[in-house]
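What follows is the residue order along each chain.
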Amino acid sequence: MPGTSLSRRDFLKSTSAAAIGVSAATLAGCTRTDIAPARPAASSGAGRRFPDGFYWGTGTSSYQIEGAWNEDGKGESIWDRYAHTPGNIHNNDTGDVANDHYHRYKSDVAMMKADLGANAYRFSIAWPRIFPSGTGQPNAKGLDFYRRLVDELRAAGIEPFATLYHWDLPQALHEKYRGWQSKDTAKAFADYAGYVAGQLGDRVRHYFTINEFRSFVEGGYRGIDVQVGGGKTVHLGGAPGLRLADAELNQVRHHAVLGHGLAVQAIRAHGPAGTRVGFAENMLVAVPFIETPAHVKAAEAATRELNADFTTVMLEGRYTDAYLKRTGANAPKFTDDELKTIASPLDFVGINVYKPNLYVEPSADPAGYATIPINASHPKMKSSWHVFDPEALYWGPHHVQALWGAKSIFITENGCAASDVMSDGGRVYDSDRVMFLRAYLTQLQRATADGVPVKGYFHWSLMDNLEWIDGFGNRFGLIYADFQTQERTPKASAAWFRAAVERNAVV
Ligand code: NOJ
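What comes next concerns the included structure. (Residues numbered from 1 in each chain as written. Predicted model: local features only at pLDDT ≥ 70, side-chain atom pairs only at ≥ 80, totals over all residues.)

## Quick word on the overall build of the protein chain
Using the following cut-off: Strands here mean DSSP runs of E at least two residues long; helices mean DSSP runs of H or I at least four residues long; both are numbered from the N terminus. Remark: C-beta atoms are placed from the backbone, and a residue is labelled buried if 20 or more other C-beta atoms sit within 10 Å of its own, exposed if 12 or fewer do, or partly exposed between those counts. Residues are scored as being in contact if the C-beta atoms we place from backbone atoms lie within 7 Å.
Scanning the protein chain from terminus to terminus reveals 19 helices and 15 strands. With the C-alpha coordinates of the protein chain rotated into their principal frame, the extents come out at 90 × 60 × 45 Å. A buried classification covers 49% of the 507 residues belonging to the protein chain. Contacts spanning at least 24 positions in sequence make up 77% of the contacts within the protein chain whose residues lie at least 6 apart.

So, in structure tokens, the structure goes:
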């Protein structure tokens, strides 16, 4: 201990019976166990268990891991085109090869079982593998890949959860319909979703229609500024890289939720009985600044309004009055029938939760809440946008139940990037990710203990992969990926995850 001169003997004296307030007389005749402090029960994890039957999995998406971008008849996607255009992606990285999962899916599935003990897996289907031009003739080889993947998962006792749209729109539809700017893309999406549900229905029971409406619409059709604290924002973009004006952007938002609703109906029409469907949205989460009933009410009001264009309209079948007022002449054009379709009944709600989006307190103004700015020194994770607060994973599902009465909720994504490096001994010590997992999952467990019906958790991500415009630099995996050799190595966080799955509890 620098600056102290405590010898070993002094130290032992200082912890003697007298020093800890127990007299020698009391000690006489006691056995060791009489005076040993009780071992705290929390170390067994028994107190922080998740409900029985909880799904533990990881998530990935086609463009981020598959590679094989033009193999077996796959069509070009807008992300292929975007990444092939120099300057769009950090380091000009592309998903051409990525994790080469298209060829290595068998060992990747084995790894999920052996290294993580997972009982579920969320992956996405690349639309242009199934319909290379978006519509028309299906490509049998593309579908075969997902059949083989799902069979492998099932054989390993891993439940497959398929996402139908994780942003890799067929480029042909971008050219033909201007992508989601047209209702025709929403219709084409439903046709593709129904076809997949019919073909894979014997193997896949759970579908998510669209992943992160907000990210692909805002990032791809306008560019989005995210608040990160101290009044600063970071700008995020993505394919197809447009910069639309308000009215057009609101119409794109509307077409995306319409595509979801039409897809739900198509999946129900073509999938076998027992097929279950929902969406996976990065719903913005307002966190009550102080946990009082008034603050919680304010946070619920804020969450409902912040998500008026996506989550709220999909779960309520109407745009809120405040949203229509706010957008005014630029509001989307829609019909009552479309609203009904958009709110087609779901089997579950999936939310991707990484961060608190807003801190709020009650306010007397009609909105019912006021925003508390995020401080400049607020802790963050590695990604520029990643404000740290585990409570988001308590309040996210809590609001979904409180506001919309959801009976079944999945955390479809949660995780963080970290500066992972391989040590000389061949290990990756991602202490920050382990801290993140323990802290966020403690809050998720708290939600389940409060009766919030969370049925499963998908960590983002299975392995390091192409983090969109950030390229391969931002590593999100529980498994480290060497993109030169395609070697995979479980990180320290993989061991943490496995222990949590084994105990079905926070460890
Ligand atoms: C959201 C997206 O769905 C996923 O593709 C992305 O890699 C993660 N969040 C991390 O940014």
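## Quick word on the environment of F123
With respect to the helices and strands, the residue F123 is situated in strand β2 (residues 120-124). Taking C-alpha positions, F123 is 9.8 Å from I65, a pair spaced 58 residues apart along the chain. Residues contacting F123, with those up to four places away along its chain left out, are T60 and A162.

## Here's the deal with the packing of helix α6 (residues 101-116) against helix α8 (residues 140-155)
Between two packed helices, what matters for the description is the angle formed by their axes and the separation of those axes. Heads up, the condition is: For helices, the fitted line uses only the C-alpha atoms of the stretch in contact; every axis is such a line through C-alpha atoms, and the angle between N-to-C directions lies from 0 to 180 degrees. Oblique is the label for any angle not under 35 degrees, not over 145, and not in the 65 to 115 range, which are roughly parallel, roughly antiparallel and roughly perpendicular in turn. When residues are grouped by polarity, Ala, Val, Leu, Ile, Met, Phe, Trp, Tyr, Cys and Pro land in nonpolar, Asp, Glu, Lys and Arg in charged, and all others, Gly among them, in polar.
Close contact between α6 and α8 brings their axes to 9 Å; oriented N to C, the two are set at 10°. Taken together, α6 and α8 sit at an angle that is classed as roughly parallel. Each of Y102, Y105, K106 and V109 in α6 lies in contact with α8, whose residues at this interface are F145, L149, E152 and L153. Of the residues in the contact of α6 with α8, the class split is six nonpolar, no polar and two charged.

## Here's the deal with the sheet that holds strand β4 (residues 206-211)
In plain terms, the rule: Pairing between two strands requires that DSSP report at least two bridges joining them.
In spatial order, the strands read β1-β2-β3-β4-β7-β9-β12-β13; together these eight strands close into a barrel with parallel pairing. Strand-to-strand twist in this sheet, taken as the mean axis angle between neighbours without regard to direction, amounts to 25°. Pairing of strand β3 (residues 159-165) with β4 involves four bridges; the strand directions are parallel. Of the residues in β4, the one forming a bridge with T163 is F208.

## Side note on the pairing of strand β6 (residues 232-236)
Pairing geometry for strand β5 (residues 224-229) and β6, over five bridges, is antiparallel. Pairing of I224 across the sheet is with L236, part of β6. Joining the antiparallel neighbours β5 and β6 is a turn of two residues, in which G230 adopts a positive phi near 65°.

## Here's the deal with unusual backbone geometry
The linkage connecting A239 with the following residue, P240, adopts the cis geometry, with an omega of 5°. With respect to the helices, strands and loops of the structure, P240 is situated in the loop between β6 and α12 (246-270). Going from W460 to S461, the amide bond is cis rather than trans, its omega being 20°. Mapped onto the elements, S461 comes out in the loop between β13 (454-460) and β14 (479-481). Positive phi is not limited to glycine here, since A98 has a value of about 45°. Assignment of secondary structure puts A98 in the loop between α5 (78-83) and α6.

## Brief notes about the sheet that holds strand β11 (residues 369-372)
Pairing is mixed in the open sheet, where three strands are placed in the order β8-β10-β11. Edge positions in the sheet fall to β8 (286-288) and β11, since each has one partner strand and no second. Neighbour to neighbour, the strand axes of the sheet diverge by 45° on average, direction disregarded. Running at roughly 125° to strand β10 (residues 358-362), helix α13 (residues 293-306) makes contact with β8, β10 and β11 of the sheet.

## Some remarks on the site of the ligand
Selection criterion: Working rule for contacts: place C-beta from the backbone, and if it is within 6 Å of a molecule or strand, that residue counts as near it.
The environment of the ligand is made up of S61, Q64, N211, E212, N352, E413, W460, E467 and F476. Residue composition of the shell around the ligand, by class: two nonpolar, four polar and three charged.

## Digging into helix α17 (residues 392-404)
In plain terms, the rule: One less than the number of residues in a helix, times 1.5 Å, gives the span that helix is expected to have.
Relative to the 18 Å expected for 13 residues at 1.5 Å per residue, α17 spans 18 Å between its end C-alpha atoms, a close match to the ideal helical length. Of the positions making up α17, those classed as buried are A392, L393, Y394, W395, G396, P397, H398, H399 and V400. Here the buried face of α17 lies against β8, α13, β9 (348-352), β12 (409-413), α18 (431-449) and β13. Backbone geometry just downstream of α17 places G405 in the positive-phi region, at approximately 65°.

## Some points on the nonpolar core
The test is simple: What makes a nonpolar core is a set of buried Ala, Val, Leu, Ile, Met, Phe, Trp, Tyr and Cys residues, with links drawn between C-beta atoms within 7 Å.
Core analysis: the biggest nonpolar cluster contains 137 residues, and A193, A263, I409, I411 and L444 have the highest contact counts within it. In terms of residues, this core owes the most to one element, α12, which gives ten residues. Those residues in contact with I411 that sit more than four places away from it in its chain are I351, V353, L393, L444, V454, Y457 and F458. Ranked by size, the runner-up nonpolar core spans five residues in total, among them I65, A98, L466 and W468.

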